[in-house]
Amino acid sequence: MKHSLFALAALLVEVSSVFAQESMPSTAPLFSARLHDLDDKPIAMSAFQGQPLVVNFWARWCGPCKEEIPELIRARAKYKGKGLEVVGIAIEDNAGAVNGYARAYEIDYPVLLSKDKGIPLMQALGNPKAGLPYTLVLDRNGRVVHKKLGLLRKADMDAAFEAALK
């Protein structure tokens, strides 16, 4: 009986380890992507490697995304001095419309357009249904320390950002 319990416990530890590894996506697709800035110029996401990073996928028509933007702005101001950057990836292809939206919401962090790469990129990063908003928080080694499909609330945001800075 003891042997069976020990074997079961070892199996559970192994299974939970596998699930933990599977639940956090690889960021290789993110850092190999080339998106566009609000002037429609190509930007290599590899430029953001090596620093704690928050990647927030959003769209102008997304209600929860609109709620999240002021908190992302606040959090960026709080954590930027510690080296953390926020990048918004708009699931859009119209630079002018997104630029106007970013100005209206006073977004002060980099906003990039995904154009036709947004949905496949989100799917490759652990969001198979491509729902919005979708946020990944990465540490300076490019490892995902937190991911969230849906509205990221202030308390969760602070905890995730602190984890990225460790």
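Residues numbered from 1 in each chain as written. Predicted model: local features only at pLDDT ≥ 70, side-chain atom pairs only at ≥ 80, totals over all residues. Heavy atoms only, no water.

## What about the environment of Thr 27?
Summarising the element assignment, Thr 27 is placed in the loop between helix H1 (2-23) and helix H2 (28-32). On the basis of relative accessible area, Thr 27 is assigned to the buried category, the value being 9%. In this structure the C-alpha to C-alpha distance between Thr 27 and Ala 124, which are 97 residues apart in sequence, comes to 8.6 Å. With residues up to four places along the chain from it excluded, the contact list for Thr 27 reads Leu 125, Leu 138, Gly 142 and Val 144. In this structure the side chain of Thr 27 is engaged in a polar contact, spanning 2.7 Å, whose partner is the backbone oxygen of Gly 142. (Helix = DSSP H or I, 4+ residues; strand = E, 2+ residues; numbered from the N terminus. Buried < 20%, exposed > 50% of the residue type's maximum accessible area, 1.4 Å probe, protein only. Contact = heavy atoms within 4.5 Å. Polar contact = N/O pair within 3.5 Å; in protein donor to acceptor, adjacent residues only side chain to side chain.)

## Digging into the side chain of Asn 56
As for its position among the elements, Asn 56 is in strand E3 (residues 53-58). For Asn 56, a relative accessible area of 1% puts it in the buried group. Within the local environment of Asn 56, its side chain forms a polar contact with the side chain of Glu 68, the two groups lying 2.9 Å apart. If near-sequence neighbours (up to four positions away) are discounted, Asn 56 is found in contact with Glu 68, Leu 72, Val 87, Gly 88, Ile 89, Pro 133, Tyr 134 and Thr 135.

## Description of the packing of aromatic side chains
Applying the stated criterion across every chain, the model contains 4 aromatic pairs. Ring geometry for Trp 58 against Tyr 101: centres 5.3 Å apart, planes inclined by 25°, an arrangement best described as stacked. Note that Trp 58 is positioned in strand E3 and Tyr 101 in helix H4 (residues 95-104), a separation of 43 residues in sequence. For Trp 58, a relative accessible area of 0% translates into the label buried. On the numbers, 5.6 Å between centres and 80° between planes, the contact of Tyr 79 with Phe 161 is edge-to-face. Remark: Phe 161 occurs in helix H6 (residues 154-165) and Tyr 79 occurs in helix H3 (residues 63-79); sequence separation between them is 82 residues. For the pair Tyr 79 and Phe 161, a shared accessibility class is recorded, and that class is buried. Taken together, the ring pairs connect Trp 58, Tyr 101 and Tyr 105 into an aromatic cluster. (Phe/Tyr/Trp six-rings, centres within 6.5 Å; stacked < 30°, edge-to-face > 60°.)

## Focus on H4
Restricting attention to buried positions, one finds in H4 the residues Ala 95, Val 98, Tyr 101 and Ala 102. Taken end-on, H4 shows its buried residues confined to a sector of 130°, consistent with a single buried face. Exposed and facing more than 90 degrees away from the buried side of H4 are Gly 96, Arg 103 and Ala 104. Taking the backbone nitrogen of Gly 96 as reference, a side-chain oxygen 3.0 Å away marks Asn 94 as the first, capping residue of H4. (Arc of directions from axis to C-beta.)

## Some thoughts on the packing of H3 against H6
Pairs of packed helices are described in terms of their axes, by the angle between the two and the distance that separates them. Between H3 and H6, the least distance of the axes is 11 Å, while the angle of their chain directions is 35°. Considering the relative orientation of H3 and H6, their crossing is right-handed. Touching Glu 68, Glu 71, Leu 72, Arg 74, Ala 75, Lys 78 and Tyr 79 of H3 are Lys 154, Met 157, Asp 158, Phe 161, Glu 162 and Leu 165, all from H6. In terms of residue class, the contact of H3 with H6 is built from 6 nonpolar, no polar and 7 charged. (Axes fitted to C-alpha atoms, helices over the stretch in contact; angles between N-to-C directions. Left-handed = near helix turned anticlockwise from the far one by under 90°. Nonpolar A, V, L, I, M, F, W, Y, C, P; charged D, E, K, R; others polar.)

## With respect to the state of the cysteines
Summed over all chains, the structure comprises 1 disulfide. Put simply, Cys 62 and Cys 65 are joined by a disulfide, and their sulfur atoms are 2.3 Å apart. Disulfide Cys 62 to Cys 65: torsion about the S-S bond roughly 80°, handedness right-handed. The exposure classification of Cys 62 matches that of Cys 65, with both residues buried. (Disulfide = S-S within 2.5 Å.)

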